[in-house]
Amino acid sequence: RRRSRFLAWLLVSLEALVAAALVSTLLFEGGSDARRYGYVPLTGVLLVLLGLAWRLNQSGRYPHAVHLTISCAVIAPWAAILLDPAVLHGDFSPPLYLGLSVMLAALLLSERAMIAVAVIQLAGYGAILLLTAPGMGVNWPSLLLFSVAPCCSSRKSASGRTASIACCAISSWPASSRV
């Protein structure tokens, strides 16, 4: 019951943040119509899906609500990256949100599932790193470590310590390969 209440508050907070992003996109995104027309539907769909997750949680389907919430947190930044070609040219704001999925996974999922989310995000970061032009001034190691840091502070069980050590080792891999 306590986890369900926590998820409800978390979903309300996420919906408020997404609604604020939608309003700010409508009011202040004047640079590119393509960018605006990509982000407005994306944030609208995200609001609907987070609302659905809230309803699932309220109707007693906590596991489904958690999985939908994490799916939104994993997929939305990648959709923004695909919709916004500026990311491959140095605007690394959307990749910052990839860390949110790992943080939410650390709060809501088992350690094994959280590590799976972190590994998926690391693979995606690697792809972005390979696709972006070198020398753009993006501090990729710091960005990567920020995004997977929740792995390093997860549960304290014996298997948890092993998984945390493994995740920290995985997260430090790109630090030696600056582009």
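Throughout this document, residue positions are counted from 1 along each chain, in the order its sequence is written. Where local features are concerned, this predicted model is filtered to residues with pLDDT of at least 70; where side-chain atom pairs are given and counted, the filter is 80 or more; whole-chain, interface and lining totals use all residues. Side-chain calculation: all heavy atoms of the structure are included, whereas hydrogens and water are not.

K.L.:
Would you explain the packing of helix 5 (residues 98-108) against helix 6 (residues 111-131) in this entry?
P.N.:
Helices that pack against each other are described as a pair by the angle of their axes relative to one another and the distance between those axes. Running from amino to carboxyl end, helix 5 crosses helix 6 at an angle of 170 degrees, the nearest separation of the two axes being 8 Å. On the basis of their axis angle, the class for helix 5 and helix 6 is roughly antiparallel. Across the interface between the two elements, Leu98, Gly99, Ser101, Val102, Ala105 and Ala106 from helix 5 touch Met114, Val117, Ala118, Gln121 and Tyr125 from helix 6. By residue class, the composition of the contact of helix 5 with helix 6 is eight nonpolar, three polar and no charged. Between the N-to-C directions of two axes lies an angle of 0 to 180 degrees, each axis being a line fitted to C-alpha atoms and, for a helix, fitted only over the stretch in contact. Numbered from the N terminus, helices here are DSSP runs of H or I no shorter than four residues, and strands are runs of E no shorter than two. With respect to orientation, any angle under 35 degrees is reported as roughly parallel, any angle over 145 as roughly antiparallel, any angle of 65 to 115 as roughly perpendicular, and every other angle as oblique. Only heavy atoms matter for contacts: two residues are in contact if any of them lie within 4.5 Å across the pair. For this classification, the nonpolar set comprises Ala, Val, Leu, Ile, Met, Phe, Trp, Tyr, Cys and Pro, the charged set comprises Asp, Glu, Lys and Arg, and every other residue, Gly included, is treated as polar.

K.L.:
What's the story with the environment of Phe6 in this structure? I'm lost.
P.N.:
Within the secondary structure, Phe6 sits in helix 1 (residues 2-28). Along the primary structure Phe6 and Leu107 are separated by 101 residues, whereas in three dimensions their C-alpha atoms are 9.8 Å apart. In contact with Phe6, not counting residues within four places along its chain, are Leu107 and Leu108.

K.L.:
I would appreciate a short explanation of the confidence of the model for the chain in the present structure.
P.N.:
Note that predicted coordinates carrying low pLDDT should not be read in detail. Known as pLDDT, the predictor's confidence for each residue is given on a scale from 0 to 100. Predicted confidence across the chain gives a mean pLDDT of 76, with 63% of residues reaching 70 or more. Throughout residues 155-179 the model reports pLDDT below 50, and contacts reaching past four residues in sequence, or to other chains, amount to 37 contacts.

K.L.:
Looking at this structure, I do not really get the environment of Val117. What am I missing?
P.N.:
Examined against the element boundaries, Val117 turns out to sit in helix 6. According to the relative accessible area criterion, Val117 is buried, its value standing at 9%. Residues Val117 and Leu98, 19 residues apart in the sequence, show an inter-C-alpha distance of 9.8 Å. When accessible area is computed with a 1.4 Å probe and restricted to protein chains, residues below 20% of their type maximum are described as buried, those above 50% as exposed, and intermediate ones as partly exposed.

K.L.:
What is the right way to look at a nonpolar patch on the surface in this model?
P.N.:
By definition, no residue in a patch forms a salt bridge, and every one has over 30% relative accessible area; like charges are joined within 9 Å, nonpolar side chains (Val, Leu, Ile, Met, Phe, Trp, Tyr) within 5 Å. Values of accessible area rely on a 1.4 Å probe in the Shrake-Rupley scheme; residue burial ignores everything except the protein chains shown. Definition used for salt bridges: Asp or Glu carboxyl oxygen within 4 Å of a side-chain nitrogen of Lys or Arg. Taken together, the side chains of Val23, Leu26, Leu27 and Phe28 define a hydrophobic patch exposed on the protein surface, amounting to about 440 Å² of accessible area. For Leu27, the location among the structural elements is in helix 1. Given a relative accessible area of 60%, Leu27 falls into the exposed group.

K.L.:
I'm lost on helix 6 in this one. Help?
P.N.:
In an α-helix there are 3.6 residues to a turn, and that puts residues three or four apart on one side. Given a helix with a known number of residues, its expected span is that number minus one, times 1.5 Å. Taking 1.5 Å per residue, 21 residues should reach 30 Å; helix 6 reaches 30 Å between its end C-alpha atoms and fits that length. Every buried residue belonging to helix 6 is among Glu111, Met114, Ile115, Val117, Ala118, Gln121, Leu122, Gly124, Tyr125, Gly126, Ile128 and Leu129, and all of these are buried.

K.L.:
Please clarify how the environment of Ile120 should be interpreted in this entry.
P.N.:
Note that Ile120 resides in helix 6. Residues Ile120 and Val74, 46 residues apart in the sequence, show an inter-C-alpha distance of 9.0 Å.

K.L.:
Before we go on, may I ask you to explain the side chain of Ser4 in this structure?
P.N.:
Among the structural elements, Ser4 can be located in helix 1. Once residues lying within four places of it in the same chain are set aside, the contact partners of Ser4 are Asn57 and Tyr62.

K.L.:
Sorry if this is basic, but what is going on with the nonpolar core here?
P.N.:
Proteins that are soluble and globular tend to have nonpolar side chains buried together. Core analysis: the biggest nonpolar cluster contains 27 residues, and Leu7, Leu50, Val66, Ile70, Leu108 and Val117 have the highest contact counts within it. Counting only elements with at least two residues in this core, the list comes to helix 1, helix 2 (33-58), helix 3 (62-83), helix 5 and helix 6. Among the elements that make up this core, the one with the highest residue count is helix 3 (nine residues). Leave out the neighbours within four places in its chain, and Leu7 touches Asn57, Tyr62, Ala65, Val66, Thr69 and Leu108. In plain words, nonpolar cores are sets of buried Ala, Val, Leu, Ile, Met, Phe, Trp, Tyr and Cys residues tied together by side-chain atoms within 4.5 Å.

K.L.:
Explanation requested: the packing of helix 1 against helix 3 in the structure shown.
P.N.:
It is at 11 Å that the axes of helix 1 and helix 3 come closest, and there the two elements cross at 30 degrees. Judged by the twist between their axes, the crossing of helix 1 over helix 3 is left-handed. Between helix 1 and helix 3, the contacting residues are Arg3, Ser4, Leu7, Leu11 and Leu14 on the first element and Tyr62, Ala65, Val66 and Thr69 on the second. Across the contact of helix 1 with helix 3, the residue classes tally to six nonpolar, two polar and one charged. Two helices crossing with the near one rotated counterclockwise from the far one by less than a right angle form a left-handed crossing, whereas a clockwise rotation gives a right-handed crossing.

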